[in-house]
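Examination of the molecular architecture
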Amino acid sequence: MNPRSIIERRIRTAEHGLVDLSHRIHAHPELAFQEIRASDWVAQHLSEAGFEVEHGCYGLPTAVRATVGSGPLHIAVCAEYDALPQIGHACGHNVIAAAAVGAGLGLAGLADDLGITLTVLGTPAEEGGGGKVLMLERGAFDGLEAAMMVHPAAVEMDAMPGSAVSMFDVSYRGTPAHAGAYPERGLNAADAMTVAQVAIGLMRQQTTSGDRIQGIVTEAGSAANIIPEASRGRWVVRSDTLSALAPLTARVQRCFEAGALATGCELSIAPAGPDYADLRPDPRLLALYRTNAEALGRTFPDLPGGAATGAATDMGNVSHVVASIHPMLGLDCAPAVNHQPEFTAACITPVADRAVIDGAIAMAWTAADLATASRTSRS
């Protein structure tokens, strides 16, 4: 039996456990850096499959590093498992985690025969915390020839056009006063935030099509008859590349400075996490994956106007230093899309369960193909 057949058989034999893992993670959503149960379940599955597992590595309690094999070609498969506030797994990280574990199970007994060292990395806090960025800085991706993961979406895509992103927290400090009796004694921190938002809204006319600016106000006063002493918000700036992101972020932050200048309030801006780099899929790796996904019956439609832009991932930072792919597994759930409650529901349907298995097999086959090509080039 050839390696591809063995890989597929092992993953399909483990299908019940993999789908159960996906559903358990989905049923117990945990936010960034709090993925205690999910990371434990991932670590347990891999340990039982013979991986050497470290749980709580790189200074992150919910990071996982599981390794098997000792071949010269070192490949990593990434698992994500954090959820979103209030709407749970509306980005389908339960599918990502289960597919990564599945790829590991498929390759575990063949790694040495294929000449592979395989590492499954459990990477916390993709939804804003930048777990992969921290792990990259701390050596988790050192020495790798390739890194891969799959991600659910409404439609199938071989390459997600990931943007570069900066996230930061903004706060204003003013002076409270009675809004009716002594308004002239107050410095209105809510007004400062309003001025900044108006300035950003006007600035958007002079940005490029790949630029995105979003934010939420998390505090803007406690009572209508008190001049607000404090206001706070979190903002996200996106652009096509890191080089384009830096000047755009500076322009946005000047809008917040305008709010402070106009109202006399004090301004504070602090990073909410590391910047995410634009995603750069490796063409060779991508071609191998697409061929394998199509062999499983998955199809890649021609999307009108191309794939949607503006999404981002900390896998982008990895892709700048290691040959990487981040293909999207279509769940056939349109009009529901990522970060909607309807997409949360779509991530435990039979279509999503099939995506877990297909994603696992396609990644494992891709690793095997890469190993074959590597041996050929060395001989």
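Our subject is the structure listed above.
Notes on the structure in this doc start here. (Residues numbered from 1 in each chain as written. Predicted model: local features only at pLDDT ≥ 70, side-chain atom pairs only at ≥ 80, totals over all residues. Heavy atoms only, no water.)

On to the overall build of the protein chain. Assigned secondary structure in the protein chain consists of 12 helices and 12 strands. Out of the 379 residues belonging to the protein chain, those deemed buried represent 53%. When contacts within the protein chain are restricted to residue pairs at least 6 apart in sequence, those whose partners lie at least 24 apart make up 79%. When the accessible surface of the protein chain is totalled, it reaches about 15700 Å², and 53% of it is carbon and sulfur. (Helix = DSSP H or I, 4+ residues; strand = E, 2+ residues; numbered from the N terminus. Buried < 20%, exposed > 50% of the residue type's maximum accessible area, 1.4 Å probe, protein only. Contact = heavy atoms within 4.5 Å. Areas by Shrake-Rupley, 256 points an atom, 1.4 Å probe, with all protein chains shown as cover.)

On to the packing of aromatic side chains. Across all of its chains, the model carries 2 aromatic pairs by this definition. With a centroid separation of 6.2 Å and 90° between ring planes, the pair formed by F168 and F256 is classed as edge-to-face. Taken as a pair, F168 in strand 7 (residues 164–173) and F256 in helix 8 (residues 242–263) lie far apart in primary sequence, 88 residues in all. We classify F168 as buried; its relative accessible area is 2%. Given the relative accessible area of 0%, F256 is considered buried. (Phe/Tyr/Trp six-rings, centres within 6.5 Å; stacked < 30°, edge-to-face > 60°.)

Here we take up the pattern of salt bridges. Taken as a whole and assessed by the stated rule, the structure comprises 15 salt bridges. Residue R234 pairs with D169 through a salt bridge whose shortest N-O separation is 2.7 Å. Separated by 65 residues along the polypeptide, R234 in strand 9 (residues 230–239) and D169 in strand 7 bring together distant segments of the chain. In this structure, the salt-bridge partner of R290 is E294, at a minimum N-O distance of 3.1 Å. Placement of the pair is R290 and E294 together in helix 9 (residues 283–295), with a separation of 4 residues, close to one helical turn. Accessibility expressed as a relative area gives 28% for R290, which makes it partly exposed. (Salt bridge = Lys/Arg side-chain N within 4 Å of Asp/Glu carboxyl O.)

Take the side chain of S39 next. Looking at the secondary structure, you find S39 in helix 3 (residues 36–48). S39 sits in the buried class, given a relative accessible area of 1%. In this view, S39 contacts H55, T62, V64 and Y81; residues no more than four positions away in its chain are not counted.

With that out of the way, let us pick up the nonpolar core. The biggest cluster of nonpolar side chains holds 69 residues, and the ones touching the most others in it are I116 and Y289. When residues in this core are grouped by element, the largest group, 14 residues, is from helix 12 (residues 350–378). Beyond its immediate chain neighbours, meaning those up to four positions away, I116 contacts V68, G69, S70, G71, L73, I75, A111, A367 and A371. (Core = buried A, V, L, I, M, F, W, Y, C linked by side-chain atoms within 4.5 Å.)

For any two helices packed against each other, one specifies the crossing angle of their axes together with the interaxial distance. Across the interface, helix 3 lies against helix 4 (residues 93–108) with an axial gap of 10 Å and an inter-helix angle of 10°. On the basis of their axis angle, the class for helix 3 and helix 4 is roughly parallel. Of helix 4, the residues touching helix 3 (which contributes V42, H45 and L46) are A97, V101 and L105. A breakdown of the residues in the contact of helix 3 with helix 4 according to their chemical character gives 5 nonpolar, 1 polar and no charged. (Axes fitted to C-alpha atoms, helices over the stretch in contact; angles between N-to-C directions. Parallel < 35°, antiparallel > 145°, perpendicular 65-115°, else oblique. Nonpolar A, V, L, I, M, F, W, Y, C, P; charged D, E, K, R; others polar.)

Just geometry here; none of it tells us what the structure is for.
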